Amino acid sequence: MRLLAQELACIRGGRRLFQGLSFQVAAGEALLVTGPNGAGKTSLLRMIAGLLRPAAGRVAFDGIDADREVGIAAHFVGHLDAVKGSLSAEENLYFVCDLLGGAGDAVAGGLARFGLAPLASFPARMLSAGQRRRLALARLLVASRPLWLLDEPTTGLDNEGQEIFAALTATHLANGGLLVAATHTLLPHLRAQEIRLASGGGA
């Protein structure tokens, strides 16, 4: 498996965020996307996920058919937790499981892995910011996807949560998964290549 980006360009609101951006990420590899606010880190993740069309260039993933979108092979966890407050923690994961075709018995494992099992029946609106972030990351475990696209994944996590996340990503990469993370915070547990986007365009 390999993620390939060729000569990508992004224009938002009439402003060029980046252009001529090329990289590749192979099975078992991680890529960190860094840079100041507004440089286009989130836009790049959305572009890879198929949620934003590039102004130029292309994204391909050789683990799927050429005529299918890269997004079908990806988990995208944005910087917003995207959990539904009226649903319980468990119901949130079952929703994702149903949406992505995951196994229902993975929900309990995802909750347990992130220390959320005692809170399974709690409405998500009652969870702390750190607990909601754990719940968002637990989605990675309820349906198998080879490519993880993570936007500021450790925001709000305490030390224990960061250790859980580190172990999770290490296992994913060891099993041949791919990871692209946009981050302001260094992720020292990851051996990763890095792309730094410059303010005002370029890379």
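Described below are features of the structure shown in this document. (Residues numbered from 1 in each chain as written. Predicted model: local features only at pLDDT ≥ 70, side-chain atom pairs only at ≥ 80, totals over all residues. Heavy atoms only, no water.)

### Overview of the environment of Thr-185
- Relative to the assigned elements, Thr-185 resides in the loop between β7 (178-182) and β8 (193-196).
- Judged by relative accessible area, which is 43%, Thr-185 ranks as partly exposed.
- Non-local contacts of Thr-185, meaning those with residues more than four positions away in its chain, are made with Glu-152 and Thr-154. (Helix = DSSP H or I, 4+ residues; strand = E, 2+ residues; numbered from the N terminus. Buried < 20%, exposed > 50% of the residue type's maximum accessible area, 1.4 Å probe, protein only. Contact = heavy atoms within 4.5 Å.)

### Digging into the sheet that holds strand β2 (residues 15-26)
- Strand order in the open sheet made by the 3 strands is β2-β1-β4, with antiparallel pairing throughout. At either end of the open sheet lies a strand with only one pairing partner, and these are β2 and β4 (56-61). On average, each strand axis in the sheet is inclined to that of its neighbour by 20°, with strand direction left out of account.
- Of the strands in this sheet, β1 (2-12), β2 and β4 are in contact with helix α1 (residues 41-49), which crosses β1 at around 125°. (Pairing = 2+ DSSP bridges. Axes fitted to C-alpha atoms, helices over the stretch in contact; angles between N-to-C directions.)

### Some remarks on the sheet that holds β8
- Spatially, β5-β6-β7-β3-β8 is the arrangement adopted by the 5 strands of the open sheet, whose pairing is parallel. In this open sheet, the two strands that pair with only one neighbour each are β5 (74-77) and β8. On average, adjacent strands in this sheet sit at an angle of 15° to one another, irrespective of strand direction.
- Taken together, the 5 bridges between strand β6 (residues 147-151) and β7 define a ladder with parallel strand orientation. The residue bridging Leu-150 from the neighbouring strand is Ala-181, located in β7.

### Notes on helix α3 (residues 106-113)
- Among all positions in α3, only Ala-106, Val-107, Gly-110 and Leu-111 are buried. An end-on view of α3 places all buried positions within 135° of arc, on one side of the element.
- Among the structural elements, α2 (89-100) and α4 (129-138) are those in contact with the buried residues of α3.
- Immediately beyond the C-terminal end of α3, within one or two residues, lies Gly-115, with a positive phi of roughly 70°. (Arc of directions from axis to C-beta.)

### Remarks on the side chain of Arg-133
- Mapped onto the secondary structure, Arg-133 falls in helix α4.
- For Arg-133, a relative accessible area of 2% gives the class buried.
- Polar contacts involving the side chain of Arg-133 include one to the main-chain carbonyl oxygen of Asp-151, which spans 2.9 Å.
- Separated by 3.4 Å, the side chain of Arg-133 and the backbone oxygen of Pro-153 make a polar contact.
- Other than its neighbours up to four places away in sequence, Arg-133 contacts Val-77, Gly-78, His-79, Leu-80, Asp-81, Asp-151, Glu-152, Pro-153, Thr-155 and Leu-157. (Polar contact = N/O pair within 3.5 Å; in protein donor to acceptor, adjacent residues only side chain to side chain.)

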